[in-house]
Each structure stands twice: as C-alpha cells, then as structure tokens.
Amino acid sequence: MVDIDFLPTFLDEASETLERWESVCLKLENTANTELLDDLFRSAHNIKGSSKSVGLIEFGALVHRAEDVITRMKNDEIKPNAAVISVLLECQKVLSDWVEKLRDEPTFVLPTQQILENLSDFLKVKTPHKLQEDLGFGLFDEEPGSDIAIASNRPIHKDLGTILIESGSASAQQVEDAVKLQTRRLGEVLVDAGVVTPDTIKSALEIQKGTGQRQEETIRVSLRKLDSVIQLIGELSIQHAIVCNARDVGRVNEFSSIEAIGLAHKVIQDLQSEAMSLRMQTLDVLFQRMERVCRDVANQQKKSIQIVLKGTEVELDKTVIERMKDPLVHILRNAVDHGIEDAKVRALSEKDATAIITIEGIQTAGNVSIRISDDGRGLNEERILSKAIERGLVSAGAKPSKEEIYQMIFLPGFSTAEKLTDVSGRGVGLDVVKRAVDDLGGSIAIESRLGHGTQFLINLPSTLSILNAVVINLSDRLYAVPVQDVEEVVDMSSIQIERTTQRGRIINLRGRILPVERLATFLPPHTNDSMQSEKKSIAIIARHQSTTVALEVDGIVGQQSIVVRQLEGKLSQVPGFSGGTILASGEPSMIIHLPQIVKSYASLAK
Amino acid sequence: MQESSRLQAVSPIDPQGDVADENKYIIFSLGEDYYGAKLLEVREVVEVLPTKSVPNTVPSFKGVCNLRGQIIGVVDLRIRFSIEAPKAIRSVLLVFETESGAIASSVDQIASVSVIMPNDVEWRPNIVSSIPSKYIIGIGKLDQKMITLIDLKAVLSHDELTNIERSKMLAKEA
C-alpha cells in the first residue's frame, strides 16, 4: 500500500535527487573519480530508502539494481565507461518519468523489465553468484507504511482494483488475475479481458482521484532569504506599533509617526522584492536538462558536441522556468539536428570536429535573457524566404529584411528540414517556441552568419508578478494593459482616419497603414451598465503575430507598476483578460490581454 | 480598516451547544423569501464591497471586488435566480471557497445561523421553482417557516461566467 500522506514529499525529494543523479552522470562521462561515484551512490541510496518507506516496492527494486551497478563501479569491478553511464542515465530517465506519473496516479507502476535487464548486463560480469541473490523481487520482505496508514486514520488512497471490487464491477479473483498479468495499467488489462467497460474504469479512476489529496506545489527556499523576510516583517511591526500608539494618543500628525510611515514604506518595498525573490530559481537545473537533451540527440546522430553552460546562477521566476522548458528543448533539438553539420561537412569547411553549443543566462535590468548559440551552418536566408513563399506564408514580391526573414522560421506551418527526422520533425514547428515566449511577454531575436553559426537571444521578464502597465479608461471603467503589449499610444485627433468600406477604418501612421477598431467591440460594457462614452481620440497600437491594429480607447490614465493577481475559478475563463490587479486607488481592475484581442480581430477580418 | 467591516459572528441560535456543525445553516433573505446554505461551506460574511463590472460576463455576474487585496468575483443571486422584488436597501456578501478558488454571492440580509435537524428537512423535493432543482438540497422547517436550502457552493462553482454574445471576442481556449 502506497502511503499517500508522504508520497508528495517523497516525489519532491526524488525529483531533486534524480536531478543530482543526472548531473553527476553527465560529469562522470568526462571525468571519472571516486568522489563523483560516491555522490552518485548517495543519490541512489537515498531514493532507495525513501521509496521503500512510502511503499513503492517496484520503484525501490529498480533503484536497488542501479545501486548495485554503482557499487560495483566503486569497487573497481566495472569501469565507469560510456555504456554504463548511458544505462544509468536511461535508468534516471525512467525513474523521472515514473515520478511524474506518480503525481497523478499514486499506484502507478512502470514496466521495468527492459531497464532491469540492461542494468543486470553489467552485474553479470565476473560474479554471477552474487547476482542470483539480488535478482529476486522480494527485495523488501515487509511492506512498510501500510499498517501505519491504516492505524492512524489518515485518508488512505485506494487502488483501482479495490474500488472496482467494492463497486461490484469486477470480482476479487478477476482483479487478482489481471494484476498477475500486469505489465500495463490495470484498467487496460481489465478492459481487454472484457471484465469491465472503459466507462467503468473512467468513473472508478475519478473516484480514485477524489480519495487522493490535492497535490501542492512546493519550492525550495534558501534560509537566508526566509530569514530576511522575517527580519523585515519584524521591522514593519515596529513601525506599525509606533503609528498605532500615535493614533491611540491622538498624535498621528507628529513627526515620529510620519517618520514611521515613511520607514514602513521603505520596509514594504524591500519586503515586496524579497518576497518576489522567493519564487525565483537559478537556471542551473533548467540548463542541466538542456545539456542532457543536446547530449542525447548528439549521441543519437553520432555528432560530437561540446556544451558550454554560462550564467547558471542567474535567477528566474519558477513559472517562467517551467514554461520555458519545452521551448528551449525545441530550439536545442533543432540546433543539434539542423544547425550542426555532420563531421564530414565540418571537416570540409575547416571547422573543429567537435561543435560547440553555448547556453547562457544573462541578467539585465528587470529582464533575463537566455542565449543559445552554435557554430553550425547558420541560417540560409534565401532558402527560408523561398520556403516561406512556397508555403504561401509570404507573398512572392515581398522584400523582407534579414531579421524579418529569420523570424519567418517561427511562422506556423514552417519547417525547413528537407526530410522529417525522428529528432525535430514531429509536426510541431518553432512556432510553439514563439508562442510560449509571447505568452510570457518576452521576445526572441535571431542572429546568424551563413556557415558560422546561429544565435537565439530570448528575452524574458524575470518575474510575472509585477507588471508595468498602462491604465486605460474604457466605457467608464479602468483597465490595466501590460506595457510590453503596447507598441505605441497614438493621439487620434491629430491623425486623419480614412474610411475604406462600410465599416473598415484605417489610419496612415508614419507610412504604415493600420486598421482601426474600437476596443469596446471586444470588451463591451456589461449588460447591467448603460454608460457609453463617445469620446474616442486615443488609440493603442497592438500587434499579435502578423496582425497590427489600432484599438481606440476612451482615455489613458497613466502608467504604473501593478501587482498581478491571478483570477480564480470560472472568472479566469472570461475572454479578453489575463488577470486582475488592485489599482493605487484601491479599486479592483482587470488586466487586458491584448494579444488575444488582436487575435480575435484577425479572425474577425477573415 | 476593512477588517472592521467584516460582520462578527452572527449570534448562534444554538441552545444545545453540542449540535453537529453539519446541521447548521446560514439563513438569508432574497426579496421576501428566506433561504439557507450550509454554514460550514461559507468562508466568510462581509458587508457589500464596491464591485466593478467585467465585460464579456453573464448578467448575473455583478463584477469583481477587492477583498483585502484578493480579487473576488461576485454573483448577484437575485438575478441568478430571477427573484423580482424591490431593490434591497443593503446587501451582504457570502464568500465561498470552491475547488477552483474563492467567489462571492450577494444576498439581501443575513437572518440567523440556525440548526435544522435532518428530521425537519424534506430532502430533494420535486418542486418547480426559479431555482434549478438540482441546486436545492431540501426544504427545512424552522419556527413554522419554510426555508429553501440551497447548495450555493455548487451554484457558484458550476456557473459559467463567460458571455460573449455581445462582443466579437473569441472564446478562450480551455
């Protein structure tokens, strides 16, 4: 029985230890020394122990096997060569996937036959006797955790089989037979055997979810940061006490209390930035994963690549890191797959046989940039342009600039690879990357020299919690618009508005022809409000992908930095908004999601 | 200062003192009628706060308010349940914590917190009313009065708030 109370703690700990496992393995590939081996052994040993204590028997068995291999390396019985490290990395991957699965389904069991055999290959060398003892699955005689959980009346997670038996959908015997056959999920086996219908399994799984507890995200915070927050709160309460005292004795306007209010203001600012920094994480874990991706793809394609990591200590908001994971993997896969030439081609162009890919984190004021550069073949402008024309993404007569041509690789439906490879040709293009970065309010710039390499510079906001926003007035309501979404604010009274068709209006903004639309078309006043002002002399210029539009608003109130509040429940699904905030006046206000508005405009125009 | 606007515990009419909390209901009025909601599900009761309406939402969605720095949506129960009555002089917000977050509903007045024992409730009655019957837990008897017990938490967590009929907005991808 899996102990559901301790499972989340175990999973967080295991993910962290597995990351360590990965980084040590990657180091071991280059330099083998006993310290690294000891480190690896500790990782394996820790996970083995803790998985056992939460009742993940099969999980523990796999780690145990890996630990045996590591022990033999430590004892110099086998050499830590590339083959062993590869299997250990493979094992790490299996365990990481397993951990992710366990978050949703606490009774999940992954088939481990293959990886166990791969690991055993290394144990077979020399001492076959010892192997026999270790092979059996009865590695842990007792099932720790199960009795404790029952005794202490905590919510116990029921496994799927139990639920099905209790609801009478399947007999105990049928479930037991299915479990014996289990190399796949129990539900699938039962459905195939015709015992239950897929619907029954579905509803049983829902019951299972209900009995499980809601999983909470956790984050590791340095004690120094936490202490500093506590310290600041202490200072704040001192200032608060001074002001309260002044109020009680009727001397609020005296110097001491005015000074206290000023000090409190400073402390609050410090506290805010310190509290924000609690969400920040260094880039090293993310970069390590990228290194791993490059290594795997390079091995697969037999390319020799050296990966250089820089600026791993730069910090970024946890959410931003999470959301950048897949896009970065995508860029790197592309770099290794398409960017780096084969050894033969490299030799012809007199380049070093080993290619270099640099992943760098750069801290700038308020922003963090991630730079990915390679010394591969570079982007071929002509080919990109002709491809884009061929796919109908650009009109044939267009004369785009170099930078504009590079940006075309982010267009949906664009893929320059002549043949699809298993690595980066999975039907998803780089447009996914662009979209993820756009959603975060960032930008991507590309530089490239044909034959010398390509560089992606991804600019990201370092935090999502505080935004610089333009406060606008629309139908007598105030809204916040993130500054990064606004290209420009235009005074429409000084610009001639041309009428094209019945509805269409356009302006000529310094030679650019832009369509004009009222923002209220997308955000009409609420049915209960009758207010509607007609004074529309200001427009904000917003762009999303290839559409740029001038959106008329009733007025601009000003610019201020706002604290973003997530909207909860169904409110978060109301279109046109990305969040809420409290304005300086104390009134609540919605944050307008301009890209979505422009997207709606584009679909309207079609 | 906002702290003081929170109503202090409404006097519990609970002579026995040891009644299980599950049998306690918060009784409120909408127009001329009285309704009850499970007390345990109510996170807090606050005096009505200024709300700002939000475009692209249904008529019964009053808007958002600032509850001690948290942005909370407010559903107008009078409109939601099509209760026609002269406008209330004042109203009160019942704040619920649903699985997907906090949301409030506005009601006219809180009458009391009362105990209605299971025996005094007609469970899941089959009646036609302005409130969808799936949201009616039962009809409770309290001091000769009939109280409609509503599963307000379900109403608030299931209701869709999006209404894009009047705008040209694309619906949000789920």
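Here is what the cut-offs are and how they apply
Residues numbered from 1 in each chain as written. Chains lettered and ligands numbered in written order. Predicted model: local features only at pLDDT ≥ 70, side-chain atom pairs only at ≥ 80, totals over all residues. Heavy atoms only, no water. Helix = DSSP H or I, 4+ residues; strand = E, 2+ residues; numbered from the N terminus. Buried < 20%, exposed > 50% of the residue type's maximum accessible area, 1.4 Å probe, protein only. Pairing = 2+ DSSP bridges. Axes fitted to C-alpha atoms, helices over the stretch in contact; angles between N-to-C directions. Polar contact = N/O pair within 3.5 Å; in protein donor to acceptor, adjacent residues only side chain to side chain. Phe/Tyr/Trp six-rings, centres within 6.5 Å; stacked < 30°, edge-to-face > 60°. Lys NZ or Arg CZ within 6 Å of the ring centre and 35° of its normal. Contact = heavy atoms within 4.5 Å. Buried area = accessible area lost by both parts, 1.4 Å probe. Salt bridge = Lys/Arg side-chain N within 4 Å of Asp/Glu carboxyl O. Nonpolar A, V, L, I, M, F, W, Y, C, P; charged D, E, K, R; others polar. Parallel < 35°, antiparallel > 145°, perpendicular 65-115°, else oblique. Left-handed = near helix turned anticlockwise from the far one by under 90°. pLDDT = per-residue confidence, 0-100. Core = buried A, V, L, I, M, F, W, Y, C linked by side-chain atoms within 4.5 Å.

We now examine unusual backbone geometry. Peptide bonds are mostly trans, and most non-glycine residues show a negative phi. Residues and elements named next belong to chain A. Positive phi, close to 45 degrees, is recorded for Ser-475, a residue that is not glycine. Along the chain, the position of Ser-475 falls in the loop between strand E8 (466-474) and strand E9 (477-482). Exposure remark for Ser-475: the relative accessible area of 11% places this residue in the buried category.

For the rest of this paragraph, the subject is the sheet that holds strand E7 (residues 453-461) of chain A. Residue and element names in this part refer to chain A. Within the open sheet, the five strands sit side by side as E2-E4-E5-E7-E6. Their pairing is mixed. Both outer strands of the open sheet, strand E2 (305-310) and strand E6 (443-449), are each paired with one neighbouring strand and no more. The average undirected angle you get between the axes of adjacent strands in this sheet is 15 degrees. Bridge count between strand E4 (residues 355-364) and strand E5 (residues 367-374): eight bridges; the pairing is antiparallel. Paired with Gly-361 across the bridge in E5 is Ile-370.

Turning next to the side chain of Glu-552 of chain A. All names here are of chain A. The topology assignment puts Glu-552 in strand E15 (residues 547-553). Overall, Glu-552 belongs to the buried group, its relative accessible area being 4%. A distance of 2.8 Å separates a polar atom in the side chain of Glu-552 from a polar atom in the side chain of Arg-505.

Applying the stated criterion to the full structure yields five aromatic pairs over all chains. The structure contains a cluster of three or more aromatic residues connected by ring pairs, namely Phe-10, Phe-59 and Trp-98 of chain A. The ring of Phe-41 of chain A carries Lys-74 of chain A above its face, with NZ or CZ at 4.5 Å from the centroid. Across from the ring centre of Tyr-34 of chain B, 4.5 Å away, lies the NZ or CZ of Lys-145 of chain B, which sits over that ring.

Each partner contributes residues to the interface: chain B has 36 residues there, and chain A has 38 residues. Summed over both sides, the interface between chain B and chain A buries roughly 3,300 Å², with carbon and sulfur atoms accounting for 59% of that surface. Summed over the shared surface of chain B and chain A, the number is two salt bridges. Here Lys-570 of chain A ties to Glu-160 of chain B by a salt bridge, and the two come within 3.4 Å at their closest N and O atoms. Taken together, the connections running from chain B to chain A amount to 13 residue pairs in polar contact (both at pLDDT 80 or more). Listing elements by their share of the side of chain B that touches chain A, those giving two or more residues are strand E5 (61-67), strand E6 (70-76), strand E8 (101-107) and helix H2 (152-158) of chain B. With four residues, E5 of chain B is the largest single contributor of residues to the side of chain B that touches chain A. Broken down by class, the residue content of the side of chain B that touches chain A amounts to 15 nonpolar, 13 polar and eight charged.

Residues and elements named next belong to chain A. With their axes 9 Å apart at the nearest point, helix H12 (residues 223-248) and helix H13 (residues 255-277) run at an angle of 160 degrees to one another. By the criterion of interaxial angle, the relationship of H12 to H13 is roughly antiparallel. Crossing handedness for the pair H12 and H13: left-handed. Tallied by class, the residues present in the contact of H12 with H13 amount to 15 nonpolar, five polar and five charged.

Helix packing for two helices is described by the angle between their axes and how far apart those axes are. Residues and elements named next belong to chain A. Close contact between helix H1 (residues 7-30) and helix H2 (residues 34-53) brings their axes to 9 Å; oriented N to C, the two are set at 160 degrees. Viewed along their axes, H1 and H2 adopt a mutual orientation that is roughly antiparallel. The element H1 and its partner H2 pack so that their crossing is left-handed. On the side of H1, the interface is formed by Phe-10, Glu-13, Ala-14, Thr-17, Leu-18, Arg-20, Trp-21, Val-24, Cys-25, Lys-27 and Leu-28, while H2 contributes Leu-36, Leu-37, Asp-39, Leu-40, Ser-43, Ala-44, Ile-47, Ser-50 and Ser-51. Looking at the contact of H1 with H2 residue by residue, the classes come out as 12 nonpolar, four polar and four charged.

Glancing now at the confidence of the model for chain B. A residue-level look at chain B finds 86% of positions with pLDDT of 70 or above and a mean pLDDT of 82. Contacts from residues 1-15 of chain B, a stretch scored under 50 in pLDDT, to residues over four places away or in other chains number 22 contacts.

Turning our eyes to something else, we now look at the environment of Ile-556 of chain A. Residue and element names in this part refer to chain A. Here Ile-556 is to be found in strand E16 (residues 555-563). With 83 residues separating them in the primary sequence, Ile-556 and Asn-473 have C-alpha atoms 6.0 Å apart. Residues in contact with Ile-556, not counting those within four places in the same chain, are Val-470, Val-471, Ile-472, Val-489, Ile-538 and Ile-540.

Leu-519, Leu-551 and Ile-592 of chain A together with Phe-28, Phe-81, Leu-94 and Leu-152 of chain B are the most contacted members of the largest nonpolar core, which has 58 residues in total. Beyond its immediate stretch of four places on either side in the chain, Leu-551 of chain A contacts Glu-517, Leu-519, Phe-522, Ile-538, Ala-539, Ile-540, Ala-542, Leu-594 and Ile-597 of chain A.

The next thing to look at is helix H19 (residues 431-439) of chain A. Residue and element names in this part refer to chain A. What H19 keeps buried is the set Asp-431, Val-433, Ala-436 and Val-437. The inward-facing, buried residues of H19 contact helix H15 (318-339), E6 and E7. Just downstream of H19 lies Gly-441, where phi reads positive at about 80 degrees.

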